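Structural description and commentary
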Amino acid sequence: MKAPRQSDVARLAGVSQSAVSRVVSGDIDRIPEETQERIRAAVKELGYVPNAAARNLRNKRNRLLGVHTFEAVFPHAREDFYFEFLLGIEERAEEIGYDLVLFTSTGTSDGRRRIYRDGTNRLNLADGTVLLGAATDREELARLWHDGYLFVHIGRREVPGAEIPCIIPDYVSAADRLVTSLAERGHRHFAYLRSGIEQEAYADRRAGYRKAIERLGLQDRSPGFRGEPELTEEWLDELASGPETAVVAENIGLAEHLRTGLAARGLSIPADLSVAVLEGSGDEPGHRWDCLVIPRKEIGRIAIDALVARVENPEEEPVSQLVACDLVAGETVAAPSIQKSRVKE
């Protein structure tokens, strides 16, 4: 159950949040006795407990922000998925006069990084922390939230019983726009290549794709659209001779697998089949895929601004933010080919 906040007390008592803050901290000068009593009654009814950690951060900040990743990301090459996020985080923190501290120790044999060790939150050194990484520990996220620690998470994370403040790439809208752009070029028969990954980011991509297919009255008979992952030889055979003219792949690996399989069957991209990817950089070596691109650097900057806003007003309700993704034109999409049109006839 969500712990009550000062805003809840203020709403019940019919007063401002600043009045609640002053009364619970003992600063009652010039606050009418009747108002004080209403606030105390609301505090008792809701079971509100002042957030000491948040108050201390507000009154005594050290202008130090944390960065915690749930798996090792910094040693990777510059093309690593997280590199641009980290650039944005560093740039924005420097611009607004905050220092960064990187939390890297694990304390576990599996190499996954933990926030709590021996019951202690290691992040308390910082005023607040940006969290990122695919291997998120949801139990620790829930504990952070219930403890009142100030943080934001890059990427959507659903945690039962907690409202995790997230900076979220808007995959739903971007996937919808990608399918719409293909339909506008004349494509009506689609196939979806699905990975075996089950995370919120992939669920959002799939939701946006399905929404566009259904909204535009397009056709998709692929296993991926039905929820079956990966690309089989049997489906490649069907795809090579079927009515599909456009394929949407969840990642570059699946798209490259498709390219190889089509080449073995005498077909090529985009002459015989257009392909767009729901996760790319737009400048992959060898081929320039038409793809969805996450504005990683911008998201890193937004994460710092969102975190600092929480640090400066810890009692405010945390709010998640959607960030629009870009669609980058490459060399893998064309209008439906004459060859495929003849196959359909």
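Up top you'll find the structure we're talking about.
Residues numbered from 1 in each chain as written. Predicted model: local features only at pLDDT ≥ 70, side-chain atom pairs only at ≥ 80, totals over all residues. Heavy atoms only, no water.

Description of the packing of helix H1 (residues 6-13) against helix H2 (residues 17-24)
- Two elements in contact, H1 and H2, have axes separated by 8 Å at closest approach and are oriented at 110 degrees. In terms of their interaxial angle, H1 and H2 are classed as roughly perpendicular. Residue-level inspection shows Gln-6, Ser-7, Val-9 and Ala-10 of H1 in contact with H2, the latter providing Gln-17, Val-20, Ser-21 and Val-24.
- The class makeup of the residues in the contact of H1 with H2 is four nonpolar, four polar and no charged. (Axes fitted to C-alpha atoms, helices over the stretch in contact; angles between N-to-C directions. Helix = DSSP H or I, 4+ residues; strand = E, 2+ residues; numbered from the N terminus. Parallel < 35°, antiparallel > 145°, perpendicular 65-115°, else oblique. Contact = heavy atoms within 4.5 Å. Nonpolar A, V, L, I, M, F, W, Y, C, P; charged D, E, K, R; others polar.)

Side note on the pattern of salt bridges
- In this structure the tally under the stated criterion is 25 salt bridges.
- Arg-206 is paired through a salt bridge with Glu-198; the nearest N and O atoms lie 3.3 Å apart.
- For Arg-206, a relative accessible area of 11% puts it in the buried group.
- Judged by relative accessible area, Glu-198 falls into the exposed class, the value being 58%.
- Linked through salt bridges whose partners overlap, the residues forming this network are Glu-91, Arg-92, Glu-95, Lys-297, Arg-301 and Asp-305. (Salt bridge = Lys/Arg side-chain N within 4 Å of Asp/Glu carboxyl O. Buried < 20%, exposed > 50% of the residue type's maximum accessible area, 1.4 Å probe, protein only.)

Observations regarding helix H6 (residues 138-147)
- For H6, the set of buried residues is Glu-140, Leu-141, Ala-142, Leu-144 and Trp-145.
- For H6, the secondary structure elements touched by its buried residues are strand S3 (116-117), strand S4 (120-121), strand S5 (128-132) and strand S6 (151-154).
- Measuring from the backbone nitrogen of Glu-139 back to the side-chain oxygen at the start of H6 gives 3.1 Å, which picks out Asp-137 as the cap.
- Of the residues one or two after H6, Gly-148 is the one with positive phi, at around 85 degrees. (Polar contact = N/O pair within 3.5 Å; in protein donor to acceptor, adjacent residues only side chain to side chain.)

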